[in-house]
Amino acid sequence: MEIWEMSTKEILSLLKSREITAQEVLDSYLCRITEVEPLVRAYLEVLEPEARAEAAKVDAMLIRGEDPGILSGLPCALKDNLALKGARCTCASKILENWVAPYDATCVARLKKQGAVFLGKTNMDEFAMGSSTENSAFGPTKNPWDLERVPGGSSGGSAAAVAAGMAPLALGSDTGGSIRQPASFTGTYGLKPTYGLVSRYGLVAFASSLDQIGPFGQSVWDCALLLEAIAGYDPLDSTSSRKEPFPYTKHLESSLRGLRAGVPGEFLGFGIDPDVREGFEKILEILSDMGVIVEETSLPTLPYALDTYYVIAPSEASSNLARFDGVRYGFRASAPNLESMYQKTRGEGFGREVRRRIMLGTFALSAGYYDAYYLRAARIRTLIRRDFENAFEKFDVLLSPTTPTAAFKLGEKIEDPISMYLADVLTVPVNLAGLPALSMPAGFVITGEKGKELPWGLQIIGKPFAETTVLQVGNALEQEIGKEINDKIRDMRRDLTRTRECEPVD
Ligand code: GLN
């Protein structure tokens, strides 16, 4: 078995017992990247020399008997909206094409301190706006389960890298579903932490009242490990919580007997694929057999969540993205005067979806319309949050599929923004309420002409700062159903290798 085929936990224990070196681990992943990256295109940049230096540093520490931290040489991929000092941070936008981050994001600095080795920066929808990674200015990422399909978005590169075996761990960001939806589409595990648990210092802001950074991994344990490394108060982010960081990996095992899980009926009314629905019902039965008390519940304002999100997120984006004017960062168009320089820079530098959001948001915030749109949306957001609060008086977790369908085809929704936005209908309510939620692979549906199997994800939503409960439920369920899923992942990865051998691409 190659190192990249092992579980993260196995790799870590071999690293700690010094049976393998961080450099060998890195080599294995770099080799896998060479093998399948031309098919998947998960990375915008692979940082080979830097990663080699970091791995050598970890090995030197291990040889000296020093503790390199809880990640101890594990490779990790970073979404390209996270600042890594000295590396380009493009947000998959032309406007930041050559912008080099002058400092580390707090989560990056924390991973470094724990001995992570950064493999590279991953592809995404431009400025994290999208659900398919097709909005990248540098070309789409493909879904390793079916190269004609999208990996989801906006953190599609991070999700696809983990799914294809090109990284054991990755970080993404989630404003309306951008970790959970691609996790669901690629058969990976992705966690959106509670608003405020992880510092956003060094994350290029999209919608500041919604953005959170979170982990991708190959198991619940992986997500717990990364979260442990990055969570906790940061004086550089005034919205970060002062709660003490928690050793999530040490509290994963727990019996689910007596745990109360609610299934909001509204979540199942959004055009869920019948096969996903059937799989979801099966999971509910498995959970009941494990002793979970599963009951239907209602969150009456849920049907307004998507509309609310698409007022709030673009409004905040229009304000956050005002800084990209051709003066301070990246791309600048040439023009005869300042005003037209601004216009041309922004017109040429931003892609179509980003321009659409900026215009929508600027309109929603403009004098005379603010009350009708932004203020109203803010009020509905409060109602949605209250609905969740009420539900959590009775339940420990809420459950739904992460997305209404499995991965869709490249090009299928790109010309129809509304149908693209609907891919997030089950994830945005969680961001509006600031809650933690995990997406974990929970089954497969058979799609299309070729009869390919595609994964779908289960979403486990928790109370604020109840990451532990969410992870415990996920972990217990993974013990029950994870083996079958891992077998399919192994087959998918082998198919990918075979495809590459048969169809060499540039
Ligand atoms: N797909 C959603 C959007 O386009 C969410 C994106 C995200 O979470 N960054 O806004």
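Keep in mind the model is a prediction, meaning the values are calculated, not measured. The numbers attached to residues start from 1 for each chain and follow its sequence in the written order. Predicted model: local features are reported for residues with pLDDT of at least 70 only, side-chain atom pairs are reported and counted for 80 or more only, and whole-chain, interface and lining totals are derived from all residues. Just so you know, side-chain values use all the structure's heavy atoms and leave hydrogens and water out.

J.: Quick question: what am I supposed to make of the overall build of the protein here?
T.: By definition, any uninterrupted DSSP run of H or I lasting at least four residues is a helix, any uninterrupted run of E lasting at least two residues is a strand, and each is numbered from the N terminus. From N to C terminus, the protein includes 15 helices and 11 strands. Rg of the C-alpha trace for the protein: 21 Å, near the compact-globule value of 23 Å for 506 residues, within the 12% margin. Its C-alpha atoms put the protein at 65 × 55 × 50 Å along the principal axes. The classification of residues rests on relative accessible area computed with a 1.4 Å probe and restricted to protein chains. Under 20% of the type maximum is buried, over 50% is exposed, and intermediate values are partly exposed. Counting all 506 residues of the protein, 61% fall into the buried class. The contacts of the protein with a sequence gap of at least 6 include a subset with a gap of at least 24, amounting to 76%. All radius of gyration figures rest on C-alpha atoms, and the globule criterion is 2.2 Å times the number of residues raised to 0.38. In this analysis, two residues are considered to be in contact whenever any of their non-hydrogen atoms come within 4.5 Å of each other.

J.: Looking at this model, I keep getting lost on the site of the ligand. Mind explaining?
T.: To be near a molecule or strand, a residue needs just one of its heavy atoms within 4 Å of it. Taken together, 15 residues form the shell around the ligand, and within it T175, G176, S178, Y309 and R357 come nearest. We define a polar contact as two N or O atoms separated by no more than 3.5 Å, with the added condition that, inside protein, one atom must be a possible hydrogen donor and the other a possible acceptor, whereas residues neighbouring each other in sequence contribute only through side-chain atom pairs. One of the side-chain N or O atoms of S154 is found 3.5 Å from a nitrogen atom in the ligand. At 2.6 Å from an oxygen atom of the ligand is found a side-chain nitrogen or oxygen belonging to Y309. Tallied by class, the residues present in the shell around the ligand amount to five nonpolar, seven polar and three charged. When residues are grouped by polarity, Ala, Val, Leu, Ile, Met, Phe, Trp, Tyr, Cys and Pro land in nonpolar, Asp, Glu, Lys and Arg in charged, and all others, Gly among them, in polar.

J.: Got a minute to help me understand the environment of N143 in this structure?
T.: Its place among the elements puts N143 in the loop between strand 3 (117-122) and helix 5 (156-163). Judged by its relative accessible area of 0%, N143 falls in the buried class. C-alpha separation for the pair N143 and P417, spaced 274 residues apart in sequence, amounts to 20 Å. Ignoring anything within four residues of it in the chain, the contact list for N143 reads R149, V150, P151, F185, T186 and A407. In this structure the side chain of N143 is engaged in a polar contact, spanning 3.0 Å, whose partner is the backbone oxygen of V150.

J.: Even after reading the chapter, I still don't get the nonpolar core, so can you show me in this structure?
T.: One broad rule of soluble globular proteins: the nonpolar side chains tend to lie buried together. Only buried Ala, Val, Leu, Ile, Met, Phe, Trp, Tyr and Cys residues count toward a nonpolar core, and they belong to the same one when joined by side-chain atoms within 4.5 Å. Among the nonpolar cores identified, the biggest contains 166 residues, and L111, F127 and F388 are the most heavily contacted of them. At 10 residues, the largest contribution of residues to this core is made by helix 15 (residues 467-502). When neighbours within four sequence positions are excluded, F388 is seen to be in contact with L299, L302, L398, P429, A433, L435 and I461.

J.: What is the right way to read the pattern of salt bridges from this model?
T.: Two side chains that carry opposite charge are able to pair once their charged atoms sit near each other. Every case where a carboxyl oxygen of Asp or Glu lies within 4 Å of a side-chain nitrogen of Lys or Arg is listed as a salt bridge. With the rule as written, the count across this model stands at 22 salt bridges. A salt bridge links E484 to K488, with the shortest nitrogen-to-oxygen separation between them at 3.6 Å. Placement of both E484 and K488 in helix 15 is noted, with a separation of four residues, approximately one turn of the helix. Residues D487 and R490 are paired through a salt bridge, measuring 3.4 Å at the closest nitrogen-oxygen approach. Placement of the pair is D487 and R490 together in helix 15, with a separation of three residues, close to one helical turn. Here D487 falls in the partly exposed class, since its relative accessible area comes to 26%. Where salt bridges share partners, they join D27, E48 and R52 into one cluster.

J.: Could you clarify how one ought to interpret empty space enclosed by the protein in this entry?
T.: Over the atoms a probe the size of a water molecule is rolled, and this reveals where empty space is left. Here a cavity means grid points, on a 1 Å grid over the protein atoms only, where a 1.4 Å probe fits yet cannot get out; a pocket means an open set of points with protein on both sides within 12 Å along at least five of seven lines; lining residues are those with an atom within 4 Å of a point. Grid points are joined across faces, edges and corners, and a volume is the space filled by probe spheres set on the points. Applying the stated criterion across every chain, the model contains two cavities of 30 Å³ or more. Considered as a void within the structure, the largest cavity measures approximately 60 Å³ in volume. Lining the largest cavity are A128, G130, S131, G176, G177, S178, F206, Y309, Y310, R357 and D424. Split into classes, the residues belonging to the lining of the largest cavity amount to four nonpolar, five polar and two charged.

J.: When you look at the UniProt feature "active site" (unreviewed entry) in the protein in this model, what are you seeing that I'm missing?
T.: The positions UniProt marks with the feature "active site" (unreviewed entry) are K79, S154 and S178. A maximum C-alpha distance of 10.8 Å places the annotated residues, which cover 100 residues in sequence, within one compact spot. Those annotated residues from the list above that line the largest cavity are S178. Taking relative accessible area as the criterion, K79 reaches 0% and is therefore assigned buried. Apart from the residues lying within four places of it in its own chain, the contact partners of K79 are K121, T122, M124, A128, S154, S155, S158, L171, G172, S173 and S178. Among the polar contacts listed, one links the side chain of K79 to the side chain of S155, at a separation of 2.9 Å. UniProt positions are given in the numbering used here, feature names are shortened, and annotations may be inferred rather than shown by experiment.

J.: What is the right way to read the packing of helix 8 (residues 274-289) against helix 15 from this model?
T.: Where helix 8 meets helix 15, the axes come as close as 11 Å, and the angle between the chain directions of the two elements is 115 degrees. At the point where helix 8 passes helix 15, the crossing takes the right-handed sense. In this structure, helix 8 uses I283, I286 and L287 to contact helix 15, whose residues at the interface are L477, E480 and I481. Here the residues of the contact of helix 8 with helix 15 sort into five nonpolar, no polar and one charged. Angles shown run from 0 to 180 degrees and are taken between the N-to-C directions of axes, each axis being a line fitted to C-alpha atoms and, for helices, limited to the stretch in contact. By the definition used in this description, the sense in which the near helix is turned from the far one sets the handedness, with an anticlockwise turn below a right angle giving left-handed and a clockwise turn giving right-handed.

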